[in-house]
Amino acid sequence: MKILLAVDGSKYSKKMLAYLTTHEALMSPGNEYTALSVQLPLPPRARAAVGKDIADGYHAEEAEKVLGPVCKFLARHDMTVKSQWKVGHAGETIAKVADSGGYDLVVMGSHGHSALGNLVMGSVATQVLAHCQVPVLLVR
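Notes on the structure in this doc start here. Everything quoted here is computed from the prediction, not taken from an experiment. (Residues numbered from 1 in each chain as written. Predicted model: local features only at pLDDT ≥ 70, side-chain atom pairs only at ≥ 80, totals over all residues. Heavy atoms only, no water.)

Some points on helix α1 (residues 11–21)
Piece 1. Of all the positions in α1, only S13, M16, L17, L20 and T21 are classed as buried. All buried residues of α1 lie within an arc of 130° about the axis, which places them on one face of the element. Exposed residues on α1 whose side chains face more than 90 degrees from its buried face are K11 and K14.
Piece 2. Among the structural elements, β1 (2–6), β2 (32–39), α3 (52–76), β4 (105–109) and β5 (136–139) are those in contact with the buried residues of α1. (Buried < 20%, exposed > 50% of the residue type's maximum accessible area, 1.4 Å probe, protein only. Helix = DSSP H or I, 4+ residues; strand = E, 2+ residues; numbered from the N terminus. Arc of directions from axis to C-beta. Contact = heavy atoms within 4.5 Å.)

A word on the environment of V97
Piece 1. Position of V97 relative to the elements: it lies in helix α4 (residues 90–100).
Piece 2. Looking at V97, the relative accessible area reads 9%, which means it is buried.
Piece 3. On a C-alpha basis, the gap between V97 and E61 in space is 20 Å, while along the polypeptide they are 36 residues apart.
Piece 4. Setting aside its immediate chain neighbours within four residues, V97 contacts L4, L36, Q84, K86 and Y103.

A few points about the sheet that holds β2
Piece 1. Pairing within the open sheet is parallel, and its five strands lie in the order β3-β2-β1-β4-β5. The open sheet has two edge strands with one neighbour each: β3 (81–87) and β5. Mean inter-strand twist for the sheet, computed between neighbouring axes without regard to direction, equals 25°.
Piece 2. Bridge count between β1 and β4: four bridges; the pairing is parallel. Counterpart to L5 in the pairing with β4 is V107. (Pairing = 2+ DSSP bridges. Axes fitted to C-alpha atoms, helices over the stretch in contact; angles between N-to-C directions.)

From the geometry alone we can't say anything about function, so treat these as descriptive.
Here is the structure:
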């Protein structure tokens, strides 16, 4: 099974990783894992002021802050994981990567906001569920 792990460095991502390592069906040796971090784009004026190379370097550094610990944690559990990062709005970007990458499952942590909270603040999980054609496992 090809599994996309959407991570953001939050305690909810950590709970998702702990859940993943304790469930045999998700830890099968035949599974292929990719950890994905989505970085918010810089405002256009800021990107223009600092230039493309500096903006790209910033996004790469921020993604590594999230992906580095995730890859180390999974390696300690004998899991081989690829990592990638994208720039964009998290919910839509995760759904696009999952759909275009041929993944069988998306696993991600969720803050567990109420329905009213989602209407007011929005939710990455809600956006992924709305846009993704791949099954999504939310861990709270």
